[in-house]
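The chain contents come next:
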Amino acid sequence: MVFILVMSLHGLQSMITELLPEFSMAGLGVSIGPFWFVAMSVVLLFRSFWACLAIPVGGIVFGEILIGDFSALGAVEGLVVITASWFFAMSLITDPTDVKQIAAVGFLAKAMEELAAWFIDVGKFYVGVEELEAISWLPETVWATEGMGALVQIIVAGIVFGAIPTLFLYPRLRGKIEPLLGMSPVEGRDGPMFTSTSLKRLGAWVAVLPVAFGVETLSESSGGFITFTPQFVETYGQEFLFVPIVAAAVIAFALVAYRQRKVESVEA
């Protein structure tokens, strides 16, 4: 239930932001990207591996497959990097009622995701499978140009549309969403934020980076292995984006309504 809810909500927010235009910051084109505060708030309510996995799966299902722009190998990077980033970050939470800690952890997860994407994109530039902006006689400048793009995304998606709204949304959801799914709010724990579990998950995050890089490089150089590319948006226009938006909304609201009726029937 948690997986389906997070998947549909993230897919919904992702596709809504696809309708919004890009803007420029310091000469760099910036897309708002998903409203990360939704994912931050809901995922950190449950703090499970399946909630983490649901974030990239929601993007794949509603942002790629349903609009006809899917590549199996191309989806692997986001699948492993986003999941590993969130799975590590949530291990740092000691007090789930501390909204500042929750917002900081959510920001960290987004920052780790962008940092990993930065390394992978620059790596693809060096192996020759992707062209990035750099001074022709000084290719090392690609680190700066791509790094600036990553920094802007961290600020925009991680803070402006992430941590700050999470400060307000998370406490309003805690204790209200969990009972609908037949769960109790997650309790805090004693001890330091960084534990042996955190160390293991951080090690897993580091370990998946070369895997994500290798698969993404293979995808860029040899195709997506399994692809589904009818390109519905190009064929039918931007209006087609409402198809995954409606699908995600129906799934999310139907799930919540179903669970609410079930809870009410049990209480009766």
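Analysis parameters
Residues numbered from 1 in each chain as written. Predicted model: local features only at pLDDT ≥ 70, side-chain atom pairs only at ≥ 80, totals over all residues. Heavy atoms only, no water. Helix = DSSP H or I, 4+ residues; strand = E, 2+ residues; numbered from the N terminus. Buried < 20%, exposed > 50% of the residue type's maximum accessible area, 1.4 Å probe, protein only. Areas by Shrake-Rupley, 256 points an atom, 1.4 Å probe, with all protein chains shown as cover. Lys, Arg positive; Asp, Glu negative; His and termini not counted. Charge placed at Lys NZ, Arg CZ, Asp CG, Glu CD. Phe/Tyr/Trp six-rings, centres within 6.5 Å; stacked < 30°, edge-to-face > 60°. Salt bridge = Lys/Arg side-chain N within 4 Å of Asp/Glu carboxyl O. Expected span 1.5 Å × (residues − 1). Bend = angle between axes of the 7 residues up to and from the residue. Contact = heavy atoms within 4.5 Å. Patch = residues over 30% accessible without salt bridge, like charges linked within 9 Å, V, L, I, M, F, W, Y side chains within 5 Å.

An account of the overall build of the protein is needed here, citing residue identities and associated values.
Each helix and strand counted, the protein has 10 helices and four strands in total. For the protein, with 268 residues in total, the buried portion stands at 44%. Within the structure as shown, the protein displays about 13,200 Å² of accessible surface, and the carbon and sulfur contribution to it stands at 68%. Computing the positive centroid from 13 side-chain charges and the negative centroid from 24, the protein places the two 17 Å apart.

If you had to explain the packing of aromatic side chains to someone new, which residues and values would you point to?
Enumeration over the complete set of coordinates arrives at 14 aromatic pairs. For the ring pair Trp-36 and Trp-86, a centre distance of 6.0 Å and an interplane angle of 15° mean the geometry is stacked. Of this pair, Trp-36 sits in helix α2 (residues 36-46) while Trp-86 sits in helix α4 (residues 72-89); the two residues are 50 residues apart in sequence, bridging distant segments of the chain. We classify Trp-36 as buried; its relative accessible area is 2%. A relative accessible area of 0% places Trp-86 in the buried class. A ring pair is formed by Tyr-126 and Trp-143, whose centres lie 6.5 Å apart and whose planes are at 40°; its orientation type is tilted.

Which residues make up the pattern of salt bridges, and what values go with them?
Inspection of the entire model under this criterion finds five salt bridges. Note that Glu-220 and Lys-124 form a salt bridge whose closest N and O atoms lie 3.5 Å from each other. Highlighted residues: Glu-220 in helix α8 (residues 196-222) and Lys-124 in helix α5 (residues 99-127), separated in sequence by 96 residues. According to the relative accessible area criterion, Glu-220 is partly exposed, its value standing at 40%. Through salt bridges with shared partners, one network takes in Asp-121, Lys-124, Glu-216 and Glu-220.

Give a description of helix α3 (residues 49-65) that names residues and reports values.
Given a rise of 1.5 Å per residue, 17 residues ought to cover 24 Å, and the 23 Å separating the end C-alpha atoms of α3 matches this to within 8%. At Pro-56, α3 shows its largest kink, close to 30°. Of the surrounding secondary structure, the elements contacted by the buried residues of α3 are α1 (2-18), α2, β3 (70-71), α4 and α10 (242-267).

Explain a nonpolar patch on the surface residue by residue, including any values.
Taken together, the side chains of Met-148, Leu-151, Ile-155, Ile-159, Val-160, Ile-164, Leu-167 and Phe-168 make up a nonpolar region of the molecular surface, amounting to roughly 650 Å² of accessible area. Tracing the backbone through its elements, the reader meets Ile-159 in helix α6 (residues 142-173). Taking relative accessible area as the criterion, Ile-159 reaches 31% and is therefore assigned partly exposed.

In short, the description is geometric, and any link to function would need to be established separately.
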